[in-house]
Amino acid sequence: MSNYSLFGLVLVPLVGSLIVFAIPRANGLLAKQVALFFSLATLVYTVVLAIKFDDKGPRFQDTMSWTWVRSFGVHIAFGVDGIALVLVLMAVILVPTVILASWNSFDSREDAEEDSDVGRSVPTFFGLILLLEFFMVGVFTATDVFLFYVFFEAMLVPMYFIIGSFGGPRRQYAAMKFFLYSLVGGLLMLASVIGLYVSSGKSTFAFSELIGSVPSGTTQKLLFLGFFIAFAIKAPLVPFHTWLPDAGAEAPAGGAALLVGVLDKVGTFGFLRYCLPLFPGASRYFAPTILILSVVGILYAAFLAIGQRDMKRLVAYTSVAHFGFIGLGIFAFTTQGGTGAVLYMVNHGLSTGVLFIVVGLLVARGKSRQVSDYGGAAKVVPLLSGAFLLAGLSALALPGMSTFISEFLVLVGTFTRHKGLAVLATTGIILAALYVLILYQRTMQGTMNEKVRKFRDLNVRESFAVAPLIALIVFLGVYPKPITDMINPAVKYTLHDIHQTDPTPKYGTAAGGIK
Amino acid sequence: MTVVDATGIQSAVWLLVAIPAVSAAVLLLVGKRGDRWAHLIGALVPVALFVFSLILFFSVKGQHNREINSHLFSWVPVGSFQVDVGFRIDPLSMVFVLLITGVGSLIHIYAVGYMAHDPGRRRFFGYFNLFVAAMLLLVLANNYLLLYVGWEGVGLASYLLIGFYYDRPSAATAAKKAFIANRVGDVGLSIAIMLMFAYFGSTSFAGVFAHFGADGNASKGVAAAIGLMLLLGACGKSGQFPLQTWLPDAMEGPTPVSALIHAATMVTAGVYLIARSAPIFNDSQAARTVVVIIGAITLLYGCVCGCGQDDLKRVLAYSTVSQIGYMFLAVGLGSGVYAIGILHLLAHGFFKATLFLSAGAIMHAMNDRINMRRFGGLYSVMKLTFFSFCCGYLAIIGIPPFSGFWTKDKIIEAAFDKGGTSGWILGLAALLGAGLTAFYMTRALLMTFFGERRWEEDVHPHEAPKIMTVPVLILAAASLVGGYLLIFGGGVQHWLSPSVGPSIEEGVHTVSPWVLSVITIVVVLLGFGGAYVVFGQRRVPATQPVGVSFVTTASRRNIYADAFNETVLMRPGQWLTRGLVFFDNMGVDGAVNGLAAGLGGSSGRLRRIQSGFVRSYALSMLGGSVALLAVLLAVRFS
C-alpha cells in the first residue's frame, strides 16, 4: 500500500526549478514570480501533510517504496517521522522567505565583480534555490539509506553554484573549500554506506530494516565514525567547522540562510536518524567524546563570534556554537535532550535564517560586511534595526522566544545525565548575549556613521520576508506544543533504538501527582 | 495549605499579562501614525490594570483559602518535563501586583509629562508597557520556567529603556552591561531550574516545595545548591554584590525608568525570588547565611559609594543598591523575617519612586543636567518638588513617622535578634548603614536644594507641570503614611503569612526594641550632622575637588568594582578572544588549507583546476554511486 503524497511533495520544487531554469535570462521578474509560486505551493502542500500527520500513529507515515535497483535492495522510498516532518516544514518556510528577501539582489550588474566571467542570471539563481529545495525535501524524507546518500551528495551541487556564482568577492575560495570539505565527508559516508550494506547482511538499504542489524564491535564503531564525520563536517561541529565562516560569509544572504539554516541541519538530522539507530553501541561508546566536543564548540565558537569583524562570519560562528548545543542534546540520550535538539534545529533554522536575511539587507545597503562600517543606524532604519534586534535576541535564546525552549530543553536534558557539561554549556548564554549585543551596539547604536545616513528602511516586500519568521519564532516560544507533540514520539523511538531511558528524578515526583 | 483553582474573576488573571503585552506590541508596531495618542494608551493601561488588581485583591481577600492556581495551557510537554502556562494568585503575588500596577500607574502618568517633548515618546511607552507585562508575569507565574520568561522580559525592557537614548554611546554601553550582568545571574537561575527537574521532576512551585519543609525528602545539599543558584540569579537582577555595577550605570535611562524599573519594582525581583522560594531557603542554613552576607556587604557598599557621587541619580541608584541589601539581609534571616523584607520593599517602592520622580522634576527644570555641584538653592523655586523630595528623604533615612523608619528599624532589630556573633556583626552593619544613609542623603539634599545657586548660565528652573507633580505628591504621601499601614496591626505581615510563613514571634531580643530604636535614631542624626557640617556649613565647590582622600576616591570610583571587572574579566576575555580568533584562522583553518594546497600541489594550481574539477562533481558523484554498486556486486559474488 503506497502513499504518493511525499513523492508529490518532492516533485513540486523539482518541476518548479526546471520551469524557472527554462525562463530566458531577460525575463527575470517572471522567474521570480514562478519561483515564489512553487515555493509557496510546496509550503501549503507540506502544511497539509503536517496537519494530516498523526502524532499517535506509526513511526513513519505517508510511506511509499519503489524498487530502484532490485539486486541490491535500493529503493526510492519516502516517509516521514515527526523529526523529518518538522525539518521539512522549517525548510519550506525558509525558501519563500529567501526568495522574497533575494528578490532584487541580482537585478543590477553593478555589484558584480568586474572580472567576473560568471553571469549573474536571475532565473538561474531562483532555479537553483528551487532545485536545492527539491534536494532538501528529499534528503529529509528519504527512508532508504542509499537514496539518502544520493540526496545528501546532490545537495552540494546547487549550493556550490549559489556560493560560487552569486557570492561575495572571495566566493571562489569559499565555494572550493565548501566543496572539498563536503567531498571528504561524502567519501567517508560512501565507504560507510557500503560497509553498512555488507555488515548488516540484510541485502537492503531500507532504513527500518537496518535498525539494529549491524553487529556491535569494531565494525560498528568504524561505520559510525564514517557517518559521524560526514555529518559533523556538514553540521559542522568543532573542529570540522572552518569551512562554514567562509561559505556563510561569501554566499549571498539568501543562500547563507539556506546553507546554515537547512543544509547544515542534515548533519544533525543524520546524527539522530542514522548514527544512533543504526549504530547504538558505537553511539554510546563515542557519546562522551562527542558531548565534550559539543561543549567545547559552544564556548569556543561563541568566543570566535565575539571576535569577528565581519558580520556574516559572526553569524556563521554563532551557528557553530548552536550546533554544539544540538550535538549536546542528541548525544545526551534523554527525551528532553532529543526533543530539544530537534526543536533547536527548527528554531535555529528560523532564527539564523532571519538573522542572515536581516544582515544581508543591511549589507546590501552599506555594501560592506565590516561591522566598523556601520554605527547608529537605528535612527535611520528603525524597522530594520528592530528586526535586527529581534533576530539577535532569538539567537541568544531570549526566554519568551522559541529558541529559549529548545536551548533549555537541551540543557535540562543534558543536566539529568551530565551535570558538569550542562553547567559549562549554560555559561554559553553569557557569551551569546555578548556577541549579539556587541554587534547590535556597534551597528545600530552609538554615534551615527556618515555612511548610514542615506540608508532606506525596510520596504513592504522585505518586511514580508522577515515578519513571518519573527512572528513564528515568538509564537512557538509561547505555544511550541504542536511541534513538540510531533517530535516527541520520534525521539522516543530513537531512544528505544539505542536502549536508553531517561534518568528518574532522585526524589521522585511529589505525592499526589502534582505537576 | 492547599492550593485551590481560580474561579470567577480570578480566572481572568492572565489579562494582567496579556493586556500590557498587546498594548506594547500595538504601540511599537503602529508606527508614526500613533505618535499623537500612544502615550495616552500607554498610561491608561496600568491604571486599568490597577483597578483590575484591586478587584482581584478583594476577591482573594474574601476567601478563606488564598493560594489560587489558574491553569491556562500546557506549555512545554516533553516526556516527564511538563511545564504549563499557569498563574499563582496568593498573598505574595498580590502584594507585588498591587505595587507594580499602583506605583506603575503613577509613574506612567508622570511620564506623560516627562516625555512630552521627546520624539521617542511612543517607543518609550511601548517599552514601558512591555515592562509591566513582563514584571506581572514574573510575579504571577506558578512555575520557575515561566517565571524565567518574565524575569528575562523585564531584563529586556530594562535593556531597551536604559539604552533608550541609544545614540549616546554611554547609554548603549550601560544597557549592554545591564543585560550581561543579568545573564550571569540567569546562568544561576537556569541551573537552579535544572536542579529542580533533575531531583524533583518538576519546576512548578507546588511540585518543588512539596519536597521541602517538615514532610520534605530533599537533602540539605540539594536545598543549598538550589538556594545558592537562585541567589546568583537574584544578585544579577537586584544589583547585589558581586553583580552590582550595572545598576548605577542604568541611570542612563529616562528618569521614570529609573523610578519604576531600577528602584521600585524590577530590581526588587531578586527579593521576590528569595521570598517566593522561602520553603527552599528555610531548609538551608548555608544558603541563608550567604544571602545575609551578600545583603550586609551590599548595603554597606551602596552606602559608601553613595557618599562620593555628584550625580543625583547615581546617589539614588547606590541607595537602591544599599536598600535592596537591607531587603536581602531581611529575607536571608529566614523564617519570620521574610515579611519584614517585603515590607521594606514596599516602603522602598514608595519613597524611592518619590525621590527619583523628584529628581526627574529637577532634571526637567535644569535642562536635563543632573550634577549636584551645579544645583543648589533650588528649594525656593521648586517648592512642591522640594516638599516631595523631603518626604522621600525622611523616609529613606528613617525618621519617624515616615515609612522607612518602621521597616528599616525592624530589619536592624531582626539582625541583632539573630543572636550570637553573627547577629552582632549583621546588626552593627545594618546600623552603620543607617548612619551612612543619613549622611549621603543629607549631602544630596543640601547640595541640591540649599546653599548658593551654582547653576549654569542657561538654566532657568521652574516647577514641573501638574501631571508630574501630582503623582509625586501621591507617592510622597504614601512614603509618609505607608509605615503605619504596613506595620501597625501587622496587617501586611499577617496577610503574607500563607506565602512566606508566619511572622516572627515576640521572643527574646538581643537588644530591647525601644533602646535599639533610640540608638538607630541617634546614629541617623550623627550621619545627618556629619553631612551638615561638611556640606551645609561650607561652600560646595562647583567642580569636583581633586586631591581628595583615598576613601573619597574609592567611593567615587565605586570601590574599584568596575576597575576590577575590567582588569580581571574584560581584558583577559578580550585577549582570549583575540587569541582564539588567531588560533582558528591560523591553526585549525591553516592546517586544512595547507593540506588542501599540498594535495593540489599549490593553491594556484588548485585555483586553475578547480572549476573543471567541480563541474564534473555531479559526474564524480554518479561515479561514486556506480563504484558503490560495483563493490556491492563484487561482495555479492564473492
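Scoring rules and cut-offs
- Residues numbered from 1 in each chain as written.
- Chains lettered and ligands numbered in written order.
- Predicted model: local features only at pLDDT ≥ 70, side-chain atom pairs only at ≥ 80, totals over all residues.
- Heavy atoms only, no water.
- Helix = DSSP H or I, 4+ residues; strand = E, 2+ residues; numbered from the N terminus.
- Rg over C-alpha atoms; globule rule 2.2 N^0.38 Å.
- Buried < 20%, exposed > 50% of the residue type's maximum accessible area, 1.4 Å probe, protein only.
- Contact = heavy atoms within 4.5 Å.
- Areas by Shrake-Rupley, 256 points an atom, 1.4 Å probe, with all protein chains shown as cover.
- Lys, Arg positive; Asp, Glu negative; His and termini not counted.
- Charge placed at Lys NZ, Arg CZ, Asp CG, Glu CD.
- Buried area = accessible area lost by both parts, 1.4 Å probe.
- Salt bridge = Lys/Arg side-chain N within 4 Å of Asp/Glu carboxyl O.
- Polar contact = N/O pair within 3.5 Å; in protein donor to acceptor, adjacent residues only side chain to side chain.
- Pairing = 2+ DSSP bridges.
- Axes fitted to C-alpha atoms, helices over the stretch in contact; angles between N-to-C directions.
- Parallel < 35°, antiparallel > 145°, perpendicular 65-115°, else oblique.
- Left-handed = near helix turned anticlockwise from the far one by under 90°.
- Nonpolar A, V, L, I, M, F, W, Y, C, P; charged D, E, K, R; others polar.
- Disulfide = S-S within 2.5 Å.
- Expected span 1.5 Å × (residues − 1).
- pLDDT = per-residue confidence, 0-100.
- Patch = residues over 30% accessible without salt bridge, like charges linked within 9 Å, V, L, I, M, F, W, Y side chains within 5 Å.
- Phe/Tyr/Trp six-rings, centres within 6.5 Å; stacked < 30°, edge-to-face > 60°.

**Section: the overall build of chain B**
If you tally the helices and strands in chain B, you get 25 helices and 3 strands. What you see for chain B is a C-alpha radius of gyration of 28 Å, in line with the 26 Å of a compact globule of 638 residues. Dimensions of chain B along its principal axes, counting C-alpha atoms only, are 100 × 65 × 55 Å. Counting across all 638 residues of chain B, residues that qualify as buried make up 60%. Within chain B, contacts between residues separated by at least 24 positions form 81% of all contacts whose residues are at least 6 apart in sequence. With an accessible surface of roughly 22900 Å², chain B has 68% of that area assigned to carbon and sulfur atoms. Within chain B, the 30 negative side-chain charges are centred at a point lying 8 Å from the centre of the 42 positive side-chain charges.

**Some words on the interface of chain B and chain A**
One widely used convention gives an interface's size as the accessible area the parts lose upon coming together. Contacts between the two partners involve 80 residues from chain B, matched on the other side by 90 residues from chain A. Buried area between chain B and chain A, summed over both chains or domains, comes out near 7400 Å², and the portion from carbon and sulfur atoms is 73%. Joining chain B to chain A, the criterion identifies 1 salt bridge. There are 19 residue pairs in polar contact (both at pLDDT 80 or more) connecting chain B and chain A. Counting residues per element, the ones that place at least two in the side of chain B that touches chain A are β2 (68-78), β3 (81-89), α5 (144-162), α6 (169-200), α7 (205-209), α23 (561-600), α24 (603-615) and α25 (617-637) of chain B. Here the side of chain B that touches chain A gets 19 residues from one element, more than from any other, and that element is α6(B).

**A word on the sheet that holds β2(B)**
Residue and element names in this part refer to chain B. Pairing in this open sheet of 3 strands is mixed, and the strands run β1-β2-β3 from one edge to the other. The sheet is open, and its two borders are formed by β1 (4-5) and β3, each paired with just one other strand. Across 9 bridges, β2 lies against β3 in antiparallel orientation. Paired with H71 across the strands is G86, a residue of β3.

**Side note on the packing of helix α6 (residues 156-166) of chain A against helix α7 (residues 171-200) of chain A**
Residues and elements named next belong to chain A. Interaxial distance between α6 and α7 falls to 7 Å at its minimum, and their mutual angle equals 160°. In this view, α6 runs roughly antiparallel relative to α7, as classed from their interaxial angle. By crossing handedness, the relation of α6 to α7 is classed as right-handed. On α7, the residues touching L156, M159, Y160, I163, G164, S165 and F166 of α6 are R171, Q172, A174, A175, M176, F178, F179 and S182. Class assignment for the residues of the contact of α6 with α7 results in 10 nonpolar, 4 polar and 1 charged.

**Regarding the environment of G341(B)**
Residue and element names in this part refer to chain B. Relative to the helices and strands, G341 is located in helix α15 (residues 338-365). Spatially, the C-alpha atom of G341 lies 26 Å from that of Q63, the residues being 278 residues apart in sequence. What G341 contacts, discounting residues up to four positions off in sequence, is M327, A330 and V331.

**Quick word on the pairing of strand β1 (residues 61-69) of chain A**
All names here are of chain A. Across 6 bridges, the pairing between β1 and strand β2 (residues 74-80) is antiparallel. Each residue of the ladder has a partner; that of W66, found in β2, is I76. Linking β1 back to β2 in an antiparallel pair, the connection comprises 4 residues, with G73 at a positive phi of about 65°.

**Considerations on the pattern of salt bridges**
Within the structure shown, the criterion is met by 30 salt bridges over all chains. R461(A) is the partner of E462(A) in a salt bridge, and the nearest nitrogen-oxygen pair spans 3.9 Å. On the accessibility criterion, E462(A) (3% relative accessible area) is buried. Between R539(B) and E452(B) there is a salt bridge whose closest N-O contact spans 2.8 Å. Residue R539(B) is located in the loop between α21 (513-536) and α22 (550-556), and its partner E452(B) is located in the loop between α18 (420-449) and α19 (466-487); the two are separated by 87 residues in the primary sequence. Taking the relative accessible area as the measure of exposure, R539(B) reaches 65% and is therefore exposed. Relative accessible area serves as the criterion here: at 36%, E452(B) is assigned to the partly exposed category.

**Remarks on the state of the cysteines**
Each disulfide consists of one covalent bond between the sulfur atoms belonging to two cysteines. Residue and element names in this part refer to chain B. Summed over all chains, the structure comprises 0 disulfides over all chains. The thiol of C303 is unpaired, and the distance to the nearest cysteine sulfur, on C307, comes to 7.0 Å. C303 gets classed as buried once you look at its relative accessible area, which sits at 0%. As a non-bridged cysteine, C390 has C391 as the owner of its nearest cysteine sulfur, 7.2 Å distant.

**A few points about helix α3 (residues 82-101) of chain A**
In this model, α3(A) (20 residues) spans 29 Å end to end at C-alpha, consistent with the 28 Å of a helix rising 1.5 Å per residue. The buried fraction of α3(A) is high, at 19 of 20 residues.

**Considering the pairing of β3(B)**
Within β3(B), 8 of the 9 residues are buried, which leaves it mostly tucked inside the rest of the structure. Following β2(B), the chain reverses through 2 residues before pairing antiparallel with β3(B); G79(B) in that reversal takes a positive phi of roughly 60°.

**Some thoughts on the confidence of the model for chain B**
Mean pLDDT over chain B: 86, with 90% of residues reaching 70 or higher. Under a pLDDT of 50 for its full length, residues 600-615 of chain B has, in the predicted model, 15 contacts with residues more than four places off or in other chains.

**Here's the deal with a nonpolar patch on the surface**
All names here are of chain B. Among the surface-exposed residues, V22, V26, W37, L40 and I41 lie close enough to one another that they form a single nonpolar patch of about 430 Å² accessible area. For the nonpolar patch, the secondary structure elements donating two or more residues are α1 (15-29) and α2 (38-61). Relative to the elements of secondary structure, V22 occurs in helix α1.

**A closer look at unusual backbone geometry**
For the peptide bond that leads from A235(A) to P236(A), omega is -25°, which places it in the cis range. Along the chain, the position of P236(A) falls in the loop between α9 (218-234) and α10 (243-250). Cis geometry is adopted by the peptide bond preceding P239(A), which originates at V238(A) and carries an omega value of 10°. Position of P239(A) relative to the elements: it lies in the loop between α9 and α10. At D62(A), a residue that is not glycine, the phi angle is positive and equals roughly 55°. A positive phi angle, close to 60°, is found at Y560(B), a residue other than glycine. Its place among the elements puts Y560(B) in the loop between α22 and α23. Since its relative accessible area comes to 27%, Y560(B) is described here as partly exposed.

**Re the packing of aromatic side chains**
Residue and element names in this part refer to chain B. The full count for this structure, using the stated rule, is 69 aromatic pairs over all chains. Ring plane angle 75° and centroid distance 5.6 Å describe the contact between Y159 and F179, whose orientation is recorded as edge-to-face. With Y159 in helix α5 and F179 in helix α6, the pair connects residues that are 20 residues apart, well separated along the chain. Like F179, Y159 is buried. Aromatic pair Y379 and F450: ring centres 5.2 Å apart, planes at 25°, arrangement stacked. Within this pair, whereas Y379 is found in the loop between α15 and α16 (383-397), its partner F450 is found in the loop between α18 and α19, the two being separated by 71 residues in sequence. According to the relative accessible area criterion, Y379 is partly exposed, its value standing at 39%. On the basis of relative accessible area, F450 is assigned to the partly exposed category, the value being 29%.

**So, the environment of V154(B)**
Residues and elements named next belong to chain B. Structurally, V154 is set in helix α5. The buried category is assigned to V154, whose relative accessible area is 0%. Measuring from C-alpha to C-alpha, the distance between V154 and L137 comes to 9.3 Å, with 17 residues separating the pair along the chain. Sequence-distant contacts of V154, that is, excluding residues within four places in its chain, are made with F131, A134, M135, L138, K237 and M266.

**Some points on the packing of α9(A) against helix α12 (residues 265-278) of chain A**
All names here are of chain A. Where α9 contacts α12, the axes come no closer than 8 Å and their chain directions differ by 170°. One finds that α9 runs roughly antiparallel with respect to α12. Residue-level contacts link Q220, F224, F227, F228, F231, A232 and K234 of α9 to V266, G267, G270, F271, Y274, C275 and L278 of α12. Across the contact of α9 with α12, the residue classes tally to 10 nonpolar, 3 polar and 1 charged.

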